[in-house]
Structures are given as structure tokens and as C-alpha cells.
Amino acid sequence: MRRPTDTQALQEALGAALGGREPVGALAQLTRGEGAFGSLSPDILERPTLIGGAALYHPTSPAPSAHAVEALVRRAEALDVRQILVPNVRRTDDPRTLRAAGFVPLAADHECVVRLTGDVDEVLRARVGGGRQRALRRRHEALSRDLTWERIRLSELGETPWARDAFVELHRRPAERKGGGHNPYNTGALDVLAGGALADRLEMLVRRRGDAVVQVALTARSHNGRGLYHLTQATDPDAHDVAPDDLHAAALYGLYLDARRAGLHWVHLGPGDADDKRGLGADLFVPLDHWLRAEDSTAPETVGAEPALSRFAAPPVTTVLVPGPARARSQPRFDTIDLSGNTNPFLGSAGQYPHLDTAELARTYLDTIAKLPGHEGTDTLTADHLLFSSGSVDGVMLLLAALASPGESVCVTPPTFPLYAHFARLLRLPLVEVPLHGDDLSELDTERILAADPRITILCDPNNPVGTRLDPERVRALVTGTRGLVVIDEAYVEFSEKPSYAGLVAEHDNLIVLRTLSKAWGLAGARCGIALAHPGIIEALRRVQVPFGFTDASQVAVRDRLTSSRRVLASIRHIRAERDRMAGMLAEHPAVERVFPSEANFLLVRLHKHERVMEQLHQAGIVVADVGFLIPATCRISVGNRRANDALLAALSAAL
């Protein structure tokens, strides 16, 4: 409900709820001093306040224009009202006109939206877990057998006065229980809504057991026809044997089913606590502010500002902004009519560009890895520390382009992943090679790297193609001793029993940790890489990244996999066990000279007759990675399932 006509209709209803033509009331009456208003003085809470812009109902509206603010101020003066409140404004909106007029922000709740990206049960299973999803479905089905829903278009409410009376009564009781606070759905407000501009888009839902009304709700279709606003819901706790919270959640489940069947893409749950709404399936959370103009209110520190650019950003990066679409990544578009993309509107949802606001998915990823062994400290990271890329290899290209300038060197530690050097050469960055040494090719020459003074050092840990881990003390000495950046590619870290470096990102502004969901998480086809770094570095990477590279299909696949981590962890344990079995059998095989120790999901093997064995494996239809160009006479063997691994062993025997 982002149109002025919608906002005006809600304001008129609020005025009627407050007993007059104008939406004027004390903040204490409206909110009982809770939430964002809890810190205000009694004088401010009790003073008459004009409610403008958005109304204190669930939908939000844009920050008012300069003209609208001027009109609001004149309106308050004409009413002799000293305070003005513009509630529930998205923090992503431009607040400059409000600030210029003397309004100050008060942090409010989040606007919470359930995006229906597929089958309702599958969506909920991914977001709230299988147990919760099944409980919601069972409760919905049980209540549907016992209770009946009736739908009444609000423009036809006059034909069902019993429904109108029950709706008002069920909203009156909780207001009385909470100290006589404001009830936005009293008789006056409901009559105004029923006769106003929104009436044809509003629908009342009434749930009855026999003749007794036990639950009511009010929904509104969005003006773009793509979603549904869940405006309110009230229950009679004495009229049924179901807990009100269960009844509320089951009703929402039914609402999701109806919305999905109607071809809608989202259900708006209104402002609330993000954690509570997340438990109901919400996956989009927009921070809100109330804007108050009062004589004795003071402005808090600015919130929601973009992070300062990192000192490591290359000079050209400091002169440009994030590319246009991505600059507005946090601007919600679910309830707009988007005519900016120049796409074909007649060929379904695939004609829409991918979501750019991945903050909730970032939170899901961070919450998931924080529970993994060896990931202490990652619970301090926020979505501002994370960037999704099209695979972690794409992340390497981004950081080299964003953080290094011509003439600044890139250090790699061979044997290592060849694309690090490949991208450095493409970008014409001088390459410094400081080889790993030791029998297991796992010893880092920290002193030599520091002496070379590279702009960026890229470490692969666990190493690819060797599979070993570096000494963490030497890595930390490099991070704290270098003037440049240290990038640690942890593509295989989930297979290792040693800690990740991700927990150190918040402590060091020159540390970047790259992760991927292609390996342990089994999502190579989804192309999802992750960069964890200081927010200022993430901001620099955004200025280089091509928008829309992380598709909606990939986002859905990533969310589903992250919320099924038990299955992933079980498979990792199986891979480790099979890796150890294969290492033992290969070590005893006459075709094998040596098996290197591995903390990845592969084994580096040195062969006695390298070319002959590789040819025999090829003829047997078995493909392994020939890395003899990096480490003489070696190949890298991925750990497959037991059948594939046994086939490899048989082919090796045939090679003899």
C-alpha cells in the first residue's frame, strides 16, 4: 500500500478510530509507551500528535515528499497540534525531507514479508524446519475440519452485520486487556474502511464454530496484484480449546495456501519482531523508523548508513558508485509496479531480474556456519561482512580488480589453484611466487612473503591440489605483519577438522576469507561463492561486481541446502571415512608411490608410472585431475561413493 490514495484511506480510518475526522491522538493512547516510544518523556507521550504519512496499521508508505511534509506541518498548525508522527517508514527510503523539517527517527520494528517462491510446504520446510512445517499443516487441517472460514468483501459488509459486530468485539477485548490502548479496528474505523477507496481490495475472514465467531482477520490485495497484506487477526481465547498462537499460525498457513493458489507471490505480515516472524516463514525484513517532530526531541546517531570504503580499495574504485541496480539492492520492490527493467511482462516470473537483497540469506549462512565445529567467532559477523558471488572463483577476480592497481603485486604459493595466477596475469598485476616447502608441501615461508611486500597474498587452505593445511601461527603472523591483504580460500574447509579463519574477519580489516557451496554443500550447479571481509572491503567489491549474477533459482537452492545442514554434515562424515579408507588402500597399491595427507575431499597421489596409469584410467572411463604440471608424476583423486572408488582401484590394478 504505497500509493497516496491507500495512505489517505488508512488515515481516515485512523481518524475515525480516534473519534474524529483527523488522525490526532496521544502517543501513549496509540502505543501504550511500548517499543520505539518507550524512551520518550511522559510529556511527549501524552501530548496530542498528528499522525501523517503512513498510518499505524500494518502497511508502510514511502517517506513523504517535501510538498507533503510542508502540507503536514501546515495541517498541524491549523489544528493547533504541536507534535507530528510519521510512523513505519522504511529505513531504505530517502529521509532528507523529514530531517530538514525537524523530524527525528525512532528505530521501530521490521516490516516482515513471506515470499512464496514455490510450494508452500517446501518453502516453510526450508525456512522453519520440517517439524514446524508439519505441525502447522496438521493444525491447519484439524481446524479446517472443526471450524469454517467465511470470506466477506468489505464493500459488502453491510449485508452481514453479525460479522462486523464480531470483528469489532474481538478487537476490543485485547485493547481493554492491555490497559485501554488504541484499537485501530473499532466500529468507526471499520465503517470508514468499508466505504472507502480500499473497500474492494479488502476482505474479512471469519472463522466460526457453529454460530460462535472464534477468529477474524482482514486482508488486502496489493495494488500491483502480486501479493496480500495481512492487516490484522483477532481470536476469542474463551471460545475454543486451541491456543491463540497456534490458531494464529494455522490461519497464516491457510492464508499462504490460498495466496499461492491464487498465483500471488508474497504475503505481508506487517511490522514486528524479525525473529518471531521468521518462525512464521517470513524471509524479507525491512527495518522501519518512526519519524517524530516534537519540541523537545533530539536526533539520535544516524543509522543504516553505507559502510565506509576500505583503505585497500583501488583508486578507480573510490571514484565510482555501486552499479545502479545493485545500489538499490535494499530497496524492497515486492509491492511496487516495476516498469524499469525493460523485460517482457508476458512470459512469467523468469522475466524478472533476481532479488538483490540477500541480507536474510547472508544471515542464514552465518547462522548455519556458526554452529559448525571450528567456526568460533563467526557469530560476530553480520550481513555487511558478506558478499555472494557467482562461485568463489568469481570472488577472486572481483577482489583483484577492486583492491589492486597496476604495478601492485599478487603473491601465490605454489603448488596452488592455478586460476589465482591466471587472473592476476589477465589484470596485468605482477606475480610473486613463494613456493610451499616441506615433505607435505604445507610449510608457508612467511618471512619471504613479508619481504616481497605484496599488495595481495592468496593462500589456499586446505591446499588444492595437495589437501594439507597451513600452520595457523604462520598464517596469523602473515595477517598481522603484512601491509597488504591476505586472502584465504577455504573451499574445502568443511572437510577439515582444524578451525576456519572466518572468525578472525571481524578483527582484521586486511583479511578476506573465501568460501563456496560447490564442494561440501553439493551446490556446484548453483554457482554460489561467498566472500567474508570487513564491510569496507565488501563495499569495494560491490562496486566492481556485475549486478544480478546470483539468480533467484540459486538463492532458493542455497536457502534450502543451508536449512538442511544435518544431511550435509552426515555426508561430510561419510566422505571423511571414505577418504581415509581410500588413502590406506592407495598407500598399499603397487601403482602408487605416495599418498599425501589430506584434509579435503580428495587425495593427491604420486604414481610410479604416471603417463601409463593416466592413460589406463582414461581408457577405463575414469577421470581424475592430472596435476603433474604442478607436482611431477601426481594426480588428484576426488573421493566419490564406494562404488566409484572401488572402480578406480580396479582400474589402477589393471594398469599394472
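Residues numbered from 1 in each chain as written. Predicted model: local features only at pLDDT ≥ 70, side-chain atom pairs only at ≥ 80, totals over all residues. Heavy atoms only, no water.

Caption draft 1: Region of the structure containing the packing of helix H15 (residues 392-403) against helix H19 (residues 535-544). One way to put it is that H15 packs onto H19 with a least axis distance of 9 Å and a crossing angle of 100°. The orientation of H15 relative to H19 falls into the category roughly perpendicular. When H15 is examined against H19, the residues Leu398, Leu399, Ala401, Ala402 and Leu403 are found in contact with a partner set consisting of Ile537, Ala540, Leu541 and Val544. Here the residues of the contact of H15 with H19 are counted per class, giving 9 nonpolar, no polar and no charged. (Axes fitted to C-alpha atoms, helices over the stretch in contact; angles between N-to-C directions. Helix = DSSP H or I, 4+ residues; strand = E, 2+ residues; numbered from the N terminus. Parallel < 35°, antiparallel > 145°, perpendicular 65-115°, else oblique. Contact = heavy atoms within 4.5 Å. Nonpolar A, V, L, I, M, F, W, Y, C, P; charged D, E, K, R; others polar.)

Caption draft 2: Examining the packing of H15 against helix H16 (residues 419-426) more closely. The contact between H15 and H16 brings their axes to 10 Å, and the two run at 35°. In this structure, the crossing between H15 and H16 has a hand that is right-handed. Contacts between H15 and H16 involve Val393, Val396, Met397 and Leu400 from the first element and Leu419, Tyr420, Phe423 and Ala424 from the second. (Left-handed = near helix turned anticlockwise from the far one by under 90°.)

Caption draft 3: Up close: the sheet that holds strand S21 (residues 634-638). Pairing is antiparallel across the open sheet formed by 4 strands, whose spatial order is S18-S19-S21-S20. Edge positions in the sheet fall to strand S18 (592-595) and strand S20 (625-626), since each has one partner strand and no second. Note: S20 against S21, 2 bridges, orientation antiparallel. Bridging across to S21, Ala625 finds its partner in Arg636. Sitting on the sheet, helix H21 (residues 565-587) is in contact with S18, strand S19 (602-607) and S21, with an inclination near 5° to S19. Helix H22 (residues 610-619) rests against S19, S20 and S21 of the sheet, and its axis sits at about 130° to S19. (Pairing = 2+ DSSP bridges.)

Caption draft 4: Broad picture of unusual backbone geometry. In this chain, Pro414 is followed by Pro415 through a cis amide linkage whose omega measures 0°. Within the element layout of this structure, Pro415 appears in the loop between strand S12 (410-412) and H16. The omega torsion of the bond from Asp461 to Pro462 falls at 0°, within 30 degrees of zero and hence cis. Structurally, the position occupied by Pro462 is in the loop between strand S14 (456-460) and helix H18 (472-481). Unlike most non-glycine residues, Arg527 shows phi in positive territory, near 55°. Of note, Arg527 is situated in the loop between strand S16 (511-516) and strand S17 (529-532). Overall, Arg527 belongs to the partly exposed group, its relative accessible area being 36%. At Phe548, a residue that is not glycine, the phi angle is positive and equals roughly 70°. (Buried < 20%, exposed > 50% of the residue type's maximum accessible area, 1.4 Å probe, protein only.)

Caption draft 5: How the structure looks around the environment of Ser349. Looking at the element boundaries, Ser349 is found in the loop between helix H13 (324-327) and helix H14 (359-370). On the basis of relative accessibility, which here comes to 48%, the residue Ser349 falls in the partly exposed class. Measuring from C-alpha to C-alpha, the distance between Ser349 and Ser409 comes to 45 Å, with 60 residues separating the pair along the chain.

Caption draft 6: Broad picture of the environment of Tyr365. On the secondary structure map, Tyr365 appears in helix H14. Distance from Tyr365 to His375, taken between C-alpha atoms, is 12 Å for residues 10 residues apart in sequence. Leave out the neighbours within four places in its chain, and Tyr365 touches Leu386, Arg515, Leu517, Ile530 and Leu562.

Caption draft 7: View of the sheet that holds strand S13 (residues 431-433). Read from one edge to the other, the open sheet built from 7 strands follows the order S11-S17-S16-S15-S14-S12-S13, with strand pairing classed as mixed. At either margin of the open sheet sits one strand with a lone partner, and together these are strand S11 (386-389) and S13. The mean inter-strand angle of the sheet, taken between neighbouring strand axes irrespective of direction, is 20°. Inspection of the sheet shows S16 paired to S17 by 4 bridges, in the antiparallel sense. Across the sheet, the residue bridging to Val513 is Leu532, located in S17. H15 rests against S11, S12, S14, strand S15 (485-489), S16 and S17 of the sheet, and its axis sits at about 155° to S16.

Caption draft 8: Structural detail: the packing of aromatic side chains. Under the criterion given, the structure shown has 7 aromatic pairs. Consider the rings of Tyr229 and Trp266, whose centres lie 5.3 Å apart with planes at 80°: the pair is edge-to-face. Residue Tyr229 is located in strand S8 (residues 227-235), and its partner Trp266 is located in strand S9 (residues 266-272); the two are separated by 37 residues in the primary sequence. When the centroid spacing of 5.5 Å and the interplanar angle of 75° are considered together, the rings of Phe417 and Tyr420 count as edge-to-face. Residue class for Tyr420 comes out buried when judged on its relative accessible area of 1%. Clustering of aromatic rings is evident, with ring pairs tying together Tyr229, Trp266 and Phe334. In this structure, Arg278 is placed above the aromatic ring of Phe285, and the distance from its NZ or CZ to the ring centre is 4.6 Å. In this structure, Arg594 packs its charged tip against the face of Phe596, placed 4.2 Å from the ring centre. (Phe/Tyr/Trp six-rings, centres within 6.5 Å; stacked < 30°, edge-to-face > 60°. Lys NZ or Arg CZ within 6 Å of the ring centre and 35° of its normal.)

Caption draft 9: Helix H20 (residues 552-562), seen in detail. Buried within H20 are the following residues: Ser554, Gln555, Val558, Arg559 and Leu562. In a view along the axis of H20, the buried residues occupy a sector of 130°, so they form one face of it. Where H20 is buried, its residues meet strand S4 (104-115), helix H6 (120-128), H14 and H21. (Arc of directions from axis to C-beta.)

Caption draft 10: Here's a closer look at the pairing of S14. Among the 5 residues in S14, 5 count as buried, and that is most of the element. Residues Ile456, Ile458 and Cys460 line one face of S14 and the alternating positions Thr457 and Leu459 line the opposite face, and both faces are buried. By the bridge criterion, 3 bridges tie S12 to S14 in an arrangement that is parallel. Residue pairing across strands places Cys411 opposite Thr457, the latter belonging to S14. Remark: the S14/H18/S15 crossover connection has right-handed handedness. (Right-handed = clockwise from strand over helix to strand, strands pointing away.)

Caption draft 11: Main features of the pattern of salt bridges. Counted according to the given criterion, the structure contains 40 salt bridges. Salt-bridge contacts for Glu360 lead to Arg278; the nearest nitrogen and oxygen are separated by 2.7 Å. A residue pair is termed long-range when its members are at least 10 positions apart, and Glu360 in helix H14 and Arg278 in helix H11 (residues 274-278) qualify at 82 residues. Both residues of the pair, Glu360 and Arg278, belong to the buried class. We note a salt bridge from Arg642 to Glu578, for which the minimum N-O separation is 3.5 Å. Taken together, the positions of Arg642 in helix H23 (residues 642-655) and Glu578 in helix H21 put the pair 64 residues apart, joining distant regions of the chain. The class for Arg642 is partly exposed, based on a relative accessible area of 46%. Taken together, the shared-partner salt bridges connect Asp275, Arg278, Glu360, Arg363 and Asp367 into one network. (Salt bridge = Lys/Arg side-chain N within 4 Å of Asp/Glu carboxyl O.)

Scope: geometric values only; no functional claims are made or implied.
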